[in-house]
Amino acid sequence: MSKGLFITFEGTEGCGKSTQIKLLAEHLQAIGHRVRTLREPGGTPIGEEIRHTLKHSHANTAMTAEAELLLMNASRAQLVREIIRPALAAGEMVLSDRFYDSTTAYQGYGRELDLNQVKSVIDFAVGETRPNLTLFLHVPSEVSAERLRSRQSTLPFVRDRIEEADRKFFERVAHGFGVIAAGEPQRVKFINGARPADVVCASIWEIVQPLLPKVGRW
Ligand code: Z5A
């Protein structure tokens, strides 16, 4: 059976994941690959409802860290089985804007839930489905804040419960991503995301290109 490649993009808010996923998808499609782009939480009809509950619902103000952990992983369990596994089995390139490293960083380090329990929940949600490669886009917090400010000035305000956390929370999340990247250097590649988008894209391409299966052209 042909097998696709599963690549996840991680980092703090505004690090440029969506921008780089779009650029990488275009490169891959241009050389003949079938590409699936996804986001977490979300990516399926059930997952998008969970995303709304997690981020924007008026009913979410009292959400506990434990409920947040489980909802993130309910969305993920659905995405893995409904989309990711069939797409990989069909040989597609699957690019996901966040995956389980975000849970370790946000719910584990950020919300300070027990890291072993967080890992158990993730393991239950994903089973054997693991990324082949994770691109960790690192940007300093000032760069991230400035990018989000300029983006927000062009969009109507939409409340986001997770973004309402305090600065210390986001510092713990950033630290968590650093620990994850240092702990799994084979899978997680550190990318300096503070450079211009085309330069970041070129660095990503250097990492991704050698991993690509040959695309048959008859
Ligand atoms: N979360 C969690 O807690 N636990 C989990 O398990 C999972 C997620 C899976 C999802 O939010 C939230 O869920 C997130 C983590 C949590 N919470 N927070 N806070 P989301 O999906 O709405 O957003 P996000 O994932 O945080 O990403 P983002 O804010 O959309 O940013 P991005 O995709 O990384 O960046 P971008 O949209 O590509 O770029 C942001 C802006 O910067 C934009 O205006 C770009 O044009 C600009 N940009 C991008 N690249 C560059 C460069 N290189 N130079 C200059 N400007 C740039």
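Above this text is the structure in question.
Definitions and limits used
- Residues numbered from 1 in each chain as written.
- Predicted model: local features only at pLDDT ≥ 70, side-chain atom pairs only at ≥ 80, totals over all residues.
- Heavy atoms only, no water.
- Pairing = 2+ DSSP bridges.
- Helix = DSSP H or I, 4+ residues; strand = E, 2+ residues; numbered from the N terminus.
- Axes fitted to C-alpha atoms, helices over the stretch in contact; angles between N-to-C directions.
- Phe/Tyr/Trp six-rings, centres within 6.5 Å; stacked < 30°, edge-to-face > 60°.
- Buried < 20%, exposed > 50% of the residue type's maximum accessible area, 1.4 Å probe, protein only.
- Disulfide = S-S within 2.5 Å.
- Salt bridge = Lys/Arg side-chain N within 4 Å of Asp/Glu carboxyl O.
- Near = heavy atom within 4 Å.
- Polar contact = N/O pair within 3.5 Å; in protein donor to acceptor, adjacent residues only side chain to side chain.
- Areas by Shrake-Rupley, 256 points an atom, 1.4 Å probe, with all protein chains shown as cover.
- Nonpolar A, V, L, I, M, F, W, Y, C, P; charged D, E, K, R; others polar.

A look at the sheet that holds strand β4 (residues 133-138)
- Here we have five strands laid out as an open sheet, ordered β2-β3-β1-β4-β5, and parallel in their pairing. The open sheet has two free edges, formed respectively by β2 (35-39) and β5 (188-192), since each of these has just one partner strand. Strand-to-strand twist across the sheet, computed as the mean angle between neighbouring axes with direction ignored, equals 20°.
- As judged from the four bridges shared by strand β1 (residues 5-10) and β4, these two strands associate in the parallel manner.

Side note on the packing of aromatic side chains
- Evaluation of the coordinates by the stated rule reveals seven aromatic pairs.
- Measuring from ring centre to ring centre gives 5.0 Å for F6 and F99, while their planes differ by 75°; the resulting arrangement is edge-to-face. One end of the pair, F6, is in strand β1; the other, F99, is in the loop between β3 (93-97) and α4 (100-110), and 93 residues separate them in sequence. The residues F6 and F99 share a single accessibility class, namely buried.
- Centroid distance Y106 to F169: 6.1 Å. Interplanar angle 50°. Geometry classified as tilted. Of this pair, Y106 sits in helix α4 while F169 is found in helix α7 (residues 167-183), placing the two residues 63 residues apart along the sequence.
- Using a relative accessible area of 2% as the deciding quantity, one classes F169 as buried.

Side note on the state of the cysteines
- Applying the stated criterion across every chain, the model contains zero disulfides.
- Cysteine C15 remains unbridged, with the sulfur of C201 as its closest cysteine sulfur at 15 Å.

Section: the pattern of salt bridges
- Tallying each qualifying case throughout the model produces 18 salt bridges.
- The partner of K17 in a salt bridge is D97, and the shortest N-O contact between them spans 2.8 Å. Linking K17 in helix α1 (residues 17-30) with D97 in strand β3, this pair joins segments that are 80 residues apart in sequence.
- Judged by its relative accessible area of 12%, D97 is buried.
- Among the charged side chains, a network of salt bridges with common partners joins R34, R36 and E92.

Some thoughts on the site of the ligand
- Taken together, 29 residues are adjacent to the ligand, and S18, T19, K55, R98 and T103 come closest.
- Note that an oxygen atom of the ligand is positioned 2.7 Å from one of the side-chain N or O atoms of K17.
- Contact distances for the ligand include 2.8 Å between a nitrogen atom and a side-chain N or O atom of Q107.
- Computed on the free molecule, the ligand has an accessible area of 1,100 Å², of which 83% lies beneath the protein chains in the complex.
- Secondary structure elements with two or more residues in the shell around the ligand: α1, α2 (45-55), α3 (65-89), α4 and α6 (141-152).
- Per element, the largest residue contribution to the shell around the ligand is four residues, and it comes from α4.
- Among the residues forming the shell around the ligand, the class breakdown is nine nonpolar, eight polar and twelve charged.

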